[in-house]
Amino acid sequence: MSTDQPSENFASLFETQARQEGPQKARSLALGQPCRAEVVQVGRDHVFVELLDRSTLGKRPQAYIHITDVRAPDGQVGIKVGDVIEAVVVEVDAQSGEVRLGRTMGRPAGVEELMNAHAARLPVEGKVTAVNKGGLEVEVASLRAFCPTSQIDRGFVADPQALVGRALLFLVTEVRDGGKRVVVSRRALLEQEAKVSAARTLSQLSVGSNVRGTVSAVREFGVFVDLGGIEGLVPNSEVSYDRSAKTSELLSAGDVVDVQVREIKEGVVDKRGAPVTKITLSLKALTADPWDNLASVAPEGKVVSGTVTRLADFGAFVRLAPGVEGLLHISELGGKVVHPSALLKVGETLHVVVRSVDRAAHKISLVPAPDGLSVGAAAQT
């Protein structure tokens, strides 16, 4: 989108209003305060906005934001007049009444702005210059800052050296001795952003809704899916209708999946005694139930082909299709067989006859197919 230089008339109007009404309004605004604002003019260097929900006698306070704060990575300005944006107060001039908004503090110009960012918990941009024994050396506001190794990311960073030369956002956690000692944290910022994202995501979730997420971890008991700042768990029983399939073979970290929300429990106490929100998800709820097509998979009285998946004292489970298993009872293997492993092994393919189907209980009774009968043939059971 192209931008136009704001007219002198608009600029002078902004300055006049700021002088006349700004000091009173400025006192009610605090650094770091979240704001919603409507875009009223997009200029070459600044975007002028009116703050919403802060009207006085029908007038909305005005503010501005640097164009760099709304410019996309490709260089385009993706907002237009009438758009409503979310930002925070990064600077208030109590005398002139000018209010500057931003998504971050950007690149602080000195120690004072650095301290303001610290007080308001506003992100600042810093350039990683080196890696030392304890963490990263970062240049912020022409000052040398330090980011401890434990504060580089929310998780383990295998190669901190790869960050050298990159401009990253940090929260300022300590400013001492006039800027001679500055400590920053990227982890604190990421966790802060995650909390905001989690609250936004949670407000949009409801039981039965379908959402898209990214697999963050695969465990023995199920799969964790990142829904956007908050994770949900897909138990193994909700991954697939095919109980013989291993979850670790179906999914990997980084996979994008569509899931259905089955349960949301707030205030669940975790192992550390902290209240958390527990979200249970399902993958198989968004796939067709193979039992709906049972007539073609397991027709009663017909010979079908299956694969032995499990052996138990009472018989062998045979997989007829993904998510559909039948039981070949040990009594059908001959009176002298004390365990099905004497005749069968897991992974073996065999022909069986579907003796009966209990749809309500999801049970299928099987018997060995008589010699000479092929798949699809009718057999007397």
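Shown above is the structure to which this text applies.
Being a predicted model, the structure only gives us computed values, none of them experimental.

A. Here's a closer look at the overall build of the protein. The number of helices and strands found in the protein is five helices and 20 strands. By residue count, 40% of the 381 residues in the protein fall in the buried class. Pairs at least 24 apart in sequence give 57% of the contacts found in the protein among residues at least 6 apart. As displayed, the protein offers around 21400 Å² of accessible surface, 49% of which is attributable to carbon and sulfur atoms.

B. Here's a closer look at the pairing of strand β1 (residues 34–42). Note that β1 and strand β4 (residues 84–92) share five bridges and pair antiparallel. Directly across from Arg 36, in β4, lies its bridge partner Glu 86. Here β1 pairs with strand β2 (residues 46–51) via five bridges, running antiparallel. Bridge pairing in β2 places Val 42 opposite Val 47.

C. Inspection of the packing of aromatic side chains at higher detail. Enumeration over the complete set of coordinates arrives at two aromatic pairs. For the pair Phe 314 and Phe 317, a centre-to-centre distance of 6.0 Å together with 90 degrees between the ring planes defines the contact as edge-to-face. The class of Phe 317 is buried, set by a relative accessible area of 17%. Here the guanidinium or amino end of Arg 310 rests over the ring plane of Phe 317, the centre of that ring lying 3.9 Å away.

D. Here's a closer look at the side chain of Glu 238. Residue placement: Glu 238 occurs in the loop between β13 (231–235) and α4 (247–250). Within the structure, the side chain of Glu 238 is placed 3.3 Å from the side chain of Arg 262, a separation counted as a polar contact. There is a polar contact of 2.6 Å between the side chain of Glu 238 and the side chain of Ser 282. Among all residues touching Glu 238, those that are not within four sequence positions of it are Arg 262, Leu 281, Ser 282, Leu 283 and Lys 284.

E. Main features of unusual backbone geometry. Here Ala 141, not a glycine, exhibits a phi torsion of approximately 55 degrees, which is positive. Judged by its relative accessible area of 15%, Ala 141 falls in the buried class. The phi torsion at Ser 142 lies on the positive side, around 65 degrees, for a residue other than glycine. Checked against the element boundaries, Ser 142 lands in the loop between β7 (135–140) and β8 (143–148).

F. A look at the sheet that holds β7. If you trace the five strands once around the closed barrel, you get β6-β7-β8-β10-β9, paired in mixed fashion. Mean inter-strand twist for the sheet, computed between neighbouring axes without regard to direction, equals 50 degrees. In this sheet, strand β10 (residues 181–185) lies alongside strand β9 (residues 167–176) in antiparallel orientation, the contact comprising five bridges. Residue pairing in the sheet places Val 175 in a bridge with Val 182 of β10. Along the sheet, helix α2 (residues 111–120) makes contact with β6 (124–131), β7, β8, β9 and β10, crossing β9 at roughly 95 degrees.

G. α2, seen in detail. Along α2, the residues that are buried comprise Leu 114, Ala 117 and Ala 120. Each buried residue of α2 sits inside an arc of 135 degrees when the element is viewed along its axis, so together they form one side. Exposed residues on α2 whose side chains face more than 90 degrees from its buried face are Glu 112 and Ala 119. In this fold, the buried residues of α2 make contact with β6, β7, β8, β9 and β10. Trailing α2 by a residue or two, Arg 121 shows a phi angle of about 55 degrees, which is positive.

H. Inspection of the pairing of β13 at higher detail. Of the two faces of β13, the one lined by Gly 232 and Val 234 is fully buried and the one lined by Glu 231, Leu 233 and Pro 235 carries no buried residue. Where strand β12 (residues 222–226) hands over to β13, the hairpin turn is made up of four residues, of which Gly 228 adopts a positive phi near 120 degrees.

I. Representation of helix α3 (residues 186–204) in the model. Its 19 residues give α3 an end-to-end C-alpha distance of 27 Å, which sits within 8% of 27 Å, the value for a rise of 1.5 Å per residue. Turning to α3, its buried residues number three or more, namely Arg 186, Ala 188, Leu 189, Ala 194, Ala 198, Thr 201 and Leu 202. Where the residues of α3 are buried, they touch β8, β9, β10, β14 (256–269) and β15 (275–282). The N-capping residue of α3, defined by a side-chain oxygen 3.4 Å from the backbone nitrogen of Arg 187, is Ser 185.

J. Expanded view of the sheet that holds strand β19 (residues 349–358). Taking strand neighbours around the barrel as the criterion, the five strands line up as β16-β17-β18-β20-β19 in a closed arrangement whose pairing is mixed. Looking at each pair of strands side by side, their axes are set apart by 50 degrees on average, direction ignored.

K. Spotlight on the pattern of salt bridges. The full count for this structure, using the stated rule, is 13 salt bridges. Arg 310 is paired through a salt bridge with Glu 325; the nearest N and O atoms lie 2.9 Å apart. Taken together, the residues Arg 310 in strand β16 (residues 303–312) and Glu 325 in strand β18 (residues 324–329) connect sequence positions 15 residues apart. Residue classification places Glu 325 among the buried positions, given a relative accessible area of 11%. Bridged by salt links that share partners, the residues Glu 174, Arg 176 and Arg 181 form one connected network.

The rules behind the values
- Residues numbered from 1 in each chain as written.
- Predicted model: local features only at pLDDT ≥ 70, side-chain atom pairs only at ≥ 80, totals over all residues.
- Heavy atoms only, no water.
- Helix = DSSP H or I, 4+ residues; strand = E, 2+ residues; numbered from the N terminus.
- Buried < 20%, exposed > 50% of the residue type's maximum accessible area, 1.4 Å probe, protein only.
- Contact = heavy atoms within 4.5 Å.
- Areas by Shrake-Rupley, 256 points an atom, 1.4 Å probe, with all protein chains shown as cover.
- Pairing = 2+ DSSP bridges.
- Phe/Tyr/Trp six-rings, centres within 6.5 Å; stacked < 30°, edge-to-face > 60°.
- Lys NZ or Arg CZ within 6 Å of the ring centre and 35° of its normal.
- Polar contact = N/O pair within 3.5 Å; in protein donor to acceptor, adjacent residues only side chain to side chain.
- Axes fitted to C-alpha atoms, helices over the stretch in contact; angles between N-to-C directions.
- Arc of directions from axis to C-beta.
- Expected span 1.5 Å × (residues − 1).
- Salt bridge = Lys/Arg side-chain N within 4 Å of Asp/Glu carboxyl O.

These values are about where atoms sit, not about what they do.
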